[in-house]
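Notes for the structure review
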Amino acid sequence: FMELRKTFLKIFNIIFPFAEFLYLLQQEEYSFQRIWFWFPRFFLKRNFQNRDKLVYTQRAVATFALAVLLFIVLNLLGFLYFGLNMLVPVMAGLCIPIIILISNILLDPFYDAIKRRIIKKAEAVFKSARGNVKVIAITGSYGKTTVKNFIEQLVKFSYRTQMIPGN
């Protein structure tokens, strides 16, 4: 049963590569400019999640949900316009990379606003702090703990450091 499930998911991912292109977008930190560089190379390629797997962060789930919604709307409009022509769902499947990009572009202002709010809140906290405080903030979908530990090891001999425990 598990082999059948894996085979079905692999075939589904080839036809509807939402996870593949969401993974690529996540690898490029949701940057339109960075993903646009790789876009032509990977447009028709599938099963390229070799280094890591897609991490379903809040942003990945939101982008995925919006992309699926856009995909459904595109197929419904295609069905209403073209009728029972089966070419429409196939064409919409080929459009999934573009739909992922559009979803990211639509959600980008929302996540930029969240980032600005977090930065303002952090600035307020450290303006109230006395003394000369240097802060290194690490953000992203994954790898933060590793980078945090590397930075702490690099600067602990030159500066007094305080590292947040855990992740």
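For the structure, see preceding data.
What you see is a predicted model; the values in this text were computed from it and never measured. (Residues numbered from 1 in each chain as written. Predicted model: local features only at pLDDT ≥ 70, side-chain atom pairs only at ≥ 80, totals over all residues. Heavy atoms only, no water.)

**A word on the overall build of the protein**
- A count of helical and extended segments in the protein gives seven helices and zero strands.
- When the helices and strands of the protein are placed in sequence order, the string is α-α-α-α-α-α-α.
- Nonlocal contacts in the protein, meaning residues at least 24 apart in sequence, comprise 70% of its contacts between residues at least 6 apart.
- Total accessible area on the protein stands at roughly 12,600 Å², and carbon and sulfur atoms take up 67% of it. (Helix = DSSP H or I, 4+ residues; strand = E, 2+ residues; numbered from the N terminus. Contact = heavy atoms within 4.5 Å. Areas by Shrake-Rupley, 256 points an atom, 1.4 Å probe, with all protein chains shown as cover.)

**Focus: the side chain of Arg-59**
- As for its placement among the helices and strands, Arg-59 is situated in helix 4 (residues 58–82).
- On the basis of relative accessible area, Arg-59 is assigned to the buried category, the value being 10%.
- A polar contact of 2.8 Å, which involves the side chain of Arg-59, links it to the side chain of Asp-108. (Buried < 20%, exposed > 50% of the residue type's maximum accessible area, 1.4 Å probe, protein only. Polar contact = N/O pair within 3.5 Å; in protein donor to acceptor, adjacent residues only side chain to side chain.)

**Brief notes about the packing of aromatic side chains**
- In the structure shown here, the tally under the stated rule is three aromatic pairs.
- On the numbers, 5.7 Å between centres and 85° between planes, the contact of Phe-18 with Phe-64 is edge-to-face. Residue Phe-18 is found in helix 2 (residues 18–27), and its partner Phe-64 is found in helix 4; the two are separated by 46 residues along the sequence.
- Take Phe-18: its relative accessible area is 5%, and that puts it in the buried class.
- With a centroid separation of 5.1 Å and 80° between ring planes, the pair formed by Phe-110 and Tyr-111 is classed as edge-to-face.
- A network of ring pairs unites the aromatic residues Phe-18, Phe-64 and Phe-71 as a single cluster. (Phe/Tyr/Trp six-rings, centres within 6.5 Å; stacked < 30°, edge-to-face > 60°.)

**Things to note about the pattern of salt bridges**
- Overall, the coordinates contain one salt bridge when judged by the stated rule.
- In this structure, the salt-bridge partner of Asp-108 is Arg-59, at a minimum N-O distance of 2.8 Å. Taken together, the residues span a long stretch of sequence, with Asp-108 in helix 6 (residues 96–127) and Arg-59 in helix 4 at a distance of 49 residues.
- Taking relative accessible area as the criterion, Asp-108 reaches 25% and is therefore assigned partly exposed. (Salt bridge = Lys/Arg side-chain N within 4 Å of Asp/Glu carboxyl O.)

**As for the environment of Ala-137**
- Relative to the helices and strands, Ala-137 resides in the loop between helix 6 and helix 7 (144–155).
- For the pair formed by Ala-137 and Lys-148, sequence separation is 11 residues and the distance between their alpha carbons is 8.6 Å.

**Some points on the side chain of Gln-26**
- Locating Gln-26 in the fold gives a position in helix 2.
- Only 2.6 Å separates the side chain of Gln-26 from the backbone oxygen of Val-55, close enough to count as a polar contact.
- With residues near it in sequence (within four places) discarded, Gln-26 still touches Lys-53, Leu-54, Val-55, Thr-57, Ala-60, Ser-141 and Tyr-142.

**Side note on the packing of helix 2 against helix 6**
- Between helix 2 and helix 6, whose axes approach to 9 Å, the crossing angle comes to 45°. One element, helix 2, and the other, helix 6, form an angle in the oblique class. The two elements helix 2 and helix 6 meet at a crossing, and its hand is right-handed. Contact with helix 2, carried on its side by Phe-18, Phe-21, Leu-22 and Leu-25, involves Ile-96, Pro-97, Ile-100 and Asn-104 of helix 6 and no other residues of that element.
- By residue class, the composition of the contact of helix 2 with helix 6 is seven nonpolar, one polar and no charged. (Axes fitted to C-alpha atoms, helices over the stretch in contact; angles between N-to-C directions. Parallel < 35°, antiparallel > 145°, perpendicular 65-115°, else oblique. Left-handed = near helix turned anticlockwise from the far one by under 90°. Nonpolar A, V, L, I, M, F, W, Y, C, P; charged D, E, K, R; others polar.)

**Here's the deal with the packing of helix 4 against helix 6**
- Close contact between helix 4 and helix 6 brings their axes to 8 Å; oriented N to C, the two are set at 130°. What the angle tells us is that helix 4 and helix 6 run oblique. Classified by chirality, the crossing of helix 6 by helix 4 is right-handed. Contact with helix 4, carried on its side by Gln-58, Arg-59, Ala-62, Thr-63, Leu-66, Ala-67, Leu-70, Phe-71 and Leu-74, involves Ile-96, Ile-99, Ile-100, Ile-102, Ser-103, Asn-104, Leu-106, Leu-107, Asp-108 and Tyr-111 of helix 6 and no other residues of that element.
- Grouping the constituent residues of the contact of helix 4 with helix 6 by class yields 13 nonpolar, four polar and two charged.

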